[in-house]
Amino acid sequence: LKIGIINITGYAGAELARILSRHPEAQITTITGRSEAGKKLGQVFPHLSHLDMTIAPELGDSVDVVFSALPQVASAEAIVPLVRAGIPVVDISADFRLKSAEEYQQWYQTPHPAPDLLENSTYGLTELYRSNIKHSRLIANPGCYPTGAILALAPVIKEGLIEPDIVIDAKSGVSGAGRGLSLTTHFSEVNENVFAYAVEGHRHLPEITQELARLNVDFRPSPLFQPHLIPMTRGILTSCYATFVSGVFKDPKMAAKQVRDLYETFYNKERFVKVVSIPPQTKQTWGNNHCLIYPMVEPRTGRLVIISALDNLVKGAAGQAIQNMNLMLGLPDHLGLEGVAIYP
Ligand SMILES: NC(=O)c1ccc[n+]([C@@H]2O[C@H](COP(=O)([O-])OP(=O)(O)OC[C@H]3O[C@@H](n4cnc5c(N)ncnc54)[C@H](OP(=O)(O)O)[C@@H]3O)[C@@H](O)[C@H]2O)c1
């Protein structure tokens with residue numbers, strides 16, 4: 001399979017190349033970048049020098065599938081002609097995640113570049129939408145925070161077990177903000193420091209709300225989502241807090257076991273979503289495509305606590321994008337993605 005990567009020079013693009021370079025059915029044939037066009041990939045990223053490729057300004061030769069790792073808006077502009085030409089595209093940006101062009105404009109402060117294509121895009125949360133992904137030609141790869149939150153909450157929402165006022169408290173490593181320089185991600189601002197940001201509303205909130213609502217027609221989610229920045233490179237730890245609908249458990253003493261059974265059954269066949277028996281840590285997912293989920297019923301309050309951990313650049317971006325590519329092209333979704341986390 002001939003693969004094109006648009007914008008290899010960001011973190012998501014480089015991570016795509018790292019993982020795809022070990023994929024048994026994929027060959028990266030074109031890579032693009034803006035400021036680094038004309039340079040050898042190994043000059044920009046020495047860890048990728050084994051690919052022996054030059055960064056092109058534009059996608060050239062025909063390819064079987066394209067990944068876009070551009071920022072939003074630039075991404076839609078680059079991929080719309082490809083989508084219209086019928087080329088399968090996985091978009092890692094946020095451009096095709098929200099189904100409402102009005103909501104996109106409200107959160108991204110710009111009109112949507114191709115509102116007519118919003119209906120054609122498939123939200124690529126692999127474990128939940130496998131059959132849709134297989135038949136799609138435009139995948140809106142989920143955001144990193146939404147992946148951790150939605151996978152954590154999906155089983156109890158589908159079963160109608162929780163009230164809509166969910167609290168999603170998430171902590172991200174700094175690579176989630178990308179490779180571009182900013183004061184917020186400057187070493188001396190982040191090191192030995194933890195802070196909440198986007199307290200007025202993060203752009204992933206409408207995505208999370210939209211996708212939680214899809215899980216159950218009777219559910220009108222009202223999530224409170226609060227992200228934090230943590231002094232680490234990769235990883236997202238998400239703690240979700242919810243109240244059970246009154247009377248859903250005949251015997252409240254059995255709630256903890258029933259919830260655990262529900263999660264284990266729901267993700268039973270999944271290679272990359274693991275229900276774990278101790279609270280997960282981000283390091284347990286470093287560099288691999290796993291999302292670890294720990295559901296529990298807090299014994300004093302009877303509330304539901306679900307903690308998930310993932311690597312924002314893998315399951316939260318490039319890894320899930322490759323899982324989706326595999327499905328679109330008729331391959332098993334785990335191909336090229338199996339690997340053990342680097343620990344400690
Ligand atoms: N980082 C994550 O954990 C993560 C997770 C999920 C999704 N994503 C999404 O993945 C995409 C890339 O994110 P990233 O974190 O990899 O970003 P990044 O590391 O900040 O890279 C962004 C790259 O885009 C290039 N760029 C910026 N504006 C451009 C434009 N208008 N046209 C062409 N190139 C442009 C920049 O290169 P030059 O300025 O050098 O040309 C830079 O290399 C974003 O849409 C992001 O939302 C990221």
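Below is a summary of the structure that appears in this document. As the structure is a prediction and not an experimental result, all values here were calculated from the model. (Residues numbered from 1 in each chain as written. Predicted model: local features only at pLDDT ≥ 70, side-chain atom pairs only at ≥ 80, totals over all residues. Heavy atoms only, no water.)

Comments concerning the overall build of the chain
(1) Moving on: Of regular secondary structure, the chain possesses 10 helices and 13 strands.
(2) Moving on: The C-alpha atoms of the chain give 20 Å as radius of gyration, which agrees with the globular expectation for 344 residues (20 Å, within 12%).
(3) Moving on: By principal-axis analysis of the C-alpha atoms, the chain measures approximately 65 × 45 × 40 Å.
(4) Moving on: Sorting the 344 residues of the chain into buried and exposed places 55% on the buried side.
(5) Moving on: Partitioning the intrachain contacts of the chain with sequence separation of at least 6 by distance along the chain shows that 70% fall at a separation of at least 24. (Helix = DSSP H or I, 4+ residues; strand = E, 2+ residues; numbered from the N terminus. Rg over C-alpha atoms; globule rule 2.2 N^0.38 Å. Buried < 20%, exposed > 50% of the residue type's maximum accessible area, 1.4 Å probe, protein only. Contact = heavy atoms within 4.5 Å.)

Things to note about the sheet that holds strand β5 (residues 122–123)
(1) Moving on: Read from one edge of the open sheet, six strands run β2-β1-β3-β4-β6-β5, paired in parallel fashion. The open sheet has two edge strands with one neighbour each: β2 (27–31) and β5.
(2) Moving on: Direction of pairing for β5 relative to strand β6 (residues 138–140): parallel, over a ladder of two bridges. Within β6, the position partnered with Tyr123 by the bridge is Ala140. (Pairing = 2+ DSSP bridges.)

Thoughts on the pattern of salt bridges
(1) Moving on: In this structure the tally under the stated criterion is 16 salt bridges.
(2) Moving on: Between Glu211 and Arg214 there is a salt bridge, with the nearest N and O atoms lying 3.0 Å from each other. In this pair, Glu211 and Arg214 both sit in helix α8 (residues 204–214), three residues apart, roughly one turn of the helix.
(3) Moving on: Residue classification places Arg214 among the partly exposed positions, given a relative accessible area of 41%.
(4) Moving on: Look at the salt bridges and you will find they share partners, linking Glu15, Arg18, Arg234 and Asp311 into a network. (Salt bridge = Lys/Arg side-chain N within 4 Å of Asp/Glu carboxyl O.)

A closer look at the sheet that holds strand β7 (residues 167–172)
(1) Moving on: With mixed pairing, the seven strands of this open sheet are ordered in space as β8-β9-β7-β10-β13-β12-β11. A strand with exactly one partner marks an edge of an open sheet, and here the two such strands are β8 (195–196) and β11 (273–275).
(2) Moving on: Direction of pairing for β7 relative to strand β9 (residues 224–229): parallel, over a ladder of six bridges. Along β9, the bridge assignment pairs Lys171 with His228.
(3) Moving on: Where helix α6 (residues 144–158) meets the sheet, its contacts fall on β7, β9, β10 (236–242), β11, β12 (291–297) and β13 (304–310), and the angle it forms with β13 comes to roughly 140 degrees. (Axes fitted to C-alpha atoms, helices over the stretch in contact; angles between N-to-C directions.)

Topic: unusual backbone geometry
(1) Moving on: A cis amide bond, omega 5 degrees, links Tyr343 with the succeeding residue Pro344.
(2) Moving on: With respect to the helices, strands and loops of the structure, Pro344 is situated in the segment after α10 (314–328).
(3) Moving on: Non-glycine residue Val73 carries a positive phi angle of around 75 degrees.
(4) Moving on: Relative to the assigned elements, Val73 resides in the loop between β3 (65–68) and α3 (74–84).

Describing the packing of aromatic side chains
(1) Moving on: Across all of its chains, the model carries four aromatic pairs by this definition.
(2) Moving on: Judged by centre distance (4.9 Å) and plane angle (25 degrees), the ring pair of Tyr104 and Tyr108 falls under stacked. Here Tyr104 pairs with Tyr108, and both are found in helix α4 (residues 101–108), just four residues apart, close to one helical turn. Like Tyr108, Tyr104 is buried.
(3) Moving on: Centroid distance Phe244 to Phe249: 4.9 Å. Interplanar angle 85 degrees. Geometry classified as edge-to-face.
(4) Moving on: When its relative accessible area of 11% is taken as the criterion, Phe244 is described as buried.
(5) Moving on: The aromatic ring of Tyr129 is capped on one face by Arg214, whose charged end is 4.0 Å from the ring centroid. (Phe/Tyr/Trp six-rings, centres within 6.5 Å; stacked < 30°, edge-to-face > 60°. Lys NZ or Arg CZ within 6 Å of the ring centre and 35° of its normal.)

Focus on α4
Turn by turn, an α-helix covers 3.6 residues, leaving residues three or four places apart pointing in a common direction.
(1) Moving on: Restricting attention to buried positions, one finds in α4 the residues Ala101, Tyr104, Trp107 and Tyr108. Seen end-on, α4 carries its buried residues on one side only, within an arc spanning 130 degrees. Residues of α4 that are exposed and angled more than 90 degrees away from the buried face: Glu102 and Gln106.
(2) Moving on: Buried-residue contacts for α4 involve α8.
(3) Moving on: Downstream of α4 by a residue or two, Gln109 has a phi angle that is positive, lying close to 55 degrees. (Arc of directions from axis to C-beta.)

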